[in-house]
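Single-letter residue listing:
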Amino acid sequence: EPEVTQTPSHQVTQMGQEVILRCVPISNHLYFYWYRQILGQKVEFLVSFYNNEISEKSEIFDDQFSVERPDGSNFTLKIRSTKLEDSAMYFCASTTREDLVDEQFFGPGTRLTVL
Amino acid sequence: ILNVEQSPQSLHVQEGDSTNFTCSFPSSNFYALHWYRWETAKSPEALFVMTLNGDEKKKGRISATLNTKEGYSYLYIKGSQPEDSATYLCAFINFGNEKLTFGTGTRLTIIP
């Protein structure tokens, strides 16, 4: 069964460093998302991406964040200058979204630890 | 700000017993409600997508109901098994946007 994959599973970085989190969505999906969960808090929406453009983003997704689909398979989230409060589990999701009711398929997450 | 709440936050259930938990969400501008099961170190897995008031969906021993007028959904597990141990997340989609707004989750532990 096709699945969303994410690498790395765990990333440790120093405050102020840039990180790139990688995702490979399911191959025929057209809509891509990033969510994050800070320990002990709710899963929060960051950004959605369709047709090589951001279609919606949350207040969290400020100028320090960017997303890219550099080729036909990868979908990346870049944090330019990490802060301590960026430590969280980051989830990628994808869907065909023929309808908003279509389920979003999630990857296993990347745990980002900022020291 | 959309508020999606789940209760209880955690639950211990004896193997073989049945259980249920709740998701409450804003009743205005409802579009869809998703239920996910999330086992530690795995991807959240979709259980149900519910859209219609009065909807009831079933997958094996797990079922869910939806009341959009009063803004709640129940998830039921019949005859709990150890493999049901997971965090169960509900997520709401508001009419007019595409993001999932998640609840806090209910962490279910089945005691053998």
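Report follows, based on the coordinates. (Residues numbered from 1 in each chain as written. Chains lettered and ligands numbered in written order. Predicted model: local features only at pLDDT ≥ 70, side-chain atom pairs only at ≥ 80, totals over all residues. Heavy atoms only, no water.)

**Details of the overall build of chain B**
- The helix and strand tally for chain B stands at 0 helices and 11 strands.
- Taken against the 2.2 N^0.38 rule, which gives 13 Å for 112 residues, the C-alpha radius of gyration of chain B at 13 Å falls within 12% of a compact globule.
- Each principal axis of the C-alpha atoms in chain B carries an extent, and together these give about 45 × 30 × 20 Å.
- Residues classed as buried in chain B amount to 50% of the 112 residues present.
- The long-range share in chain B, meaning contacts at least 24 apart out of those at least 6 apart in sequence, stands at 53%.
- Carbon and sulfur atoms make up 47% of the accessible area of chain B, which amounts to about 5,400 Å² in all.
- Charge-centre separation for chain B: the mean point of 10 positive side chains lies 3 Å from the mean point of 11 negative side chains. (Helix = DSSP H or I, 4+ residues; strand = E, 2+ residues; numbered from the N terminus. Rg over C-alpha atoms; globule rule 2.2 N^0.38 Å. Buried < 20%, exposed > 50% of the residue type's maximum accessible area, 1.4 Å probe, protein only. Contact = heavy atoms within 4.5 Å. Areas by Shrake-Rupley, 256 points an atom, 1.4 Å probe, with all protein chains shown as cover. Lys, Arg positive; Asp, Glu negative; His and termini not counted. Charge placed at Lys NZ, Arg CZ, Asp CG, Glu CD.)

**Considering the pattern of salt bridges**
- Overall, the coordinates contain 6 salt bridges over all chains when judged by the stated rule.
- A salt bridge links B:Arg61 to B:Asp84; its shortest N-O distance comes to 2.8 Å. Taken as a pair, B:Arg61 in the loop between β6 (56-59) and β7 (62-67) and B:Asp84 in the loop between β8 (72-77) and β9 (86-94) lie far apart in primary sequence, 23 residues in all.
- Residue classification places B:Asp84 among the buried residues on the basis of a relative accessible area of 2%.
- Taken together, the shared-partner salt bridges connect A:Arg36, A:Glu44 and A:Asp86 into one network. (Salt bridge = Lys/Arg side-chain N within 4 Å of Asp/Glu carboxyl O.)

**Points about the packing of aromatic side chains**
- If you walk through the whole model with that rule in mind, you get 22 aromatic pairs over all chains.
- When the ring of A:Phe106 is compared with that of B:Phe102, the centres are 6.0 Å apart and the planes differ by 80 degrees; the resulting orientation is edge-to-face. With A:Phe106 in strand β10 (residues 105-106) and B:Phe102 in strand β10 (residues 101-102), this residue pair bridges two chains. Across the pair, exposure class does not vary: A:Phe106 and B:Phe102 are buried alike.
- With a centroid separation of 5.3 Å and 35 degrees between ring planes, the pair formed by B:Phe25 and B:Phe30 is classed as tilted.
- Looking at B:Phe25, the relative accessible area reads 6%, which means it is buried.
- Look at B:Phe30 and you get buried, because its relative accessible area is 16%.
- Here the aromatic residues A:Tyr33, A:Tyr35, A:Phe45, A:Phe91, A:Phe106, B:Tyr36, B:Trp38 and B:Phe102 are joined through ring pairs into a cluster of three or more. (Phe/Tyr/Trp six-rings, centres within 6.5 Å; stacked < 30°, edge-to-face > 60°.)

**A closer look at the nonpolar core**
- Counting residues in hydrophobic clusters, the biggest one holds 23 residues, and the most contacted among them are B:Trp35, B:Leu75 and B:Tyr88.
- The dominant element in this core, judged by the number of residues it contributes, is β9(B), at 4 residues.
- In contact with B:Leu75, not counting residues within four places along its chain, are B:Thr19, B:Asn20, B:Phe21, B:Trp35, B:Leu47, B:Phe48, B:Ile62, B:Ser63, B:Ala64 and B:Tyr88.
- In this structure, A:Val19, A:Cys23, A:Ile79 and A:Ala88 belong to the second largest nonpolar core, which totals 22 residues. (Core = buried A, V, L, I, M, F, W, Y, C linked by side-chain atoms within 4.5 Å.)

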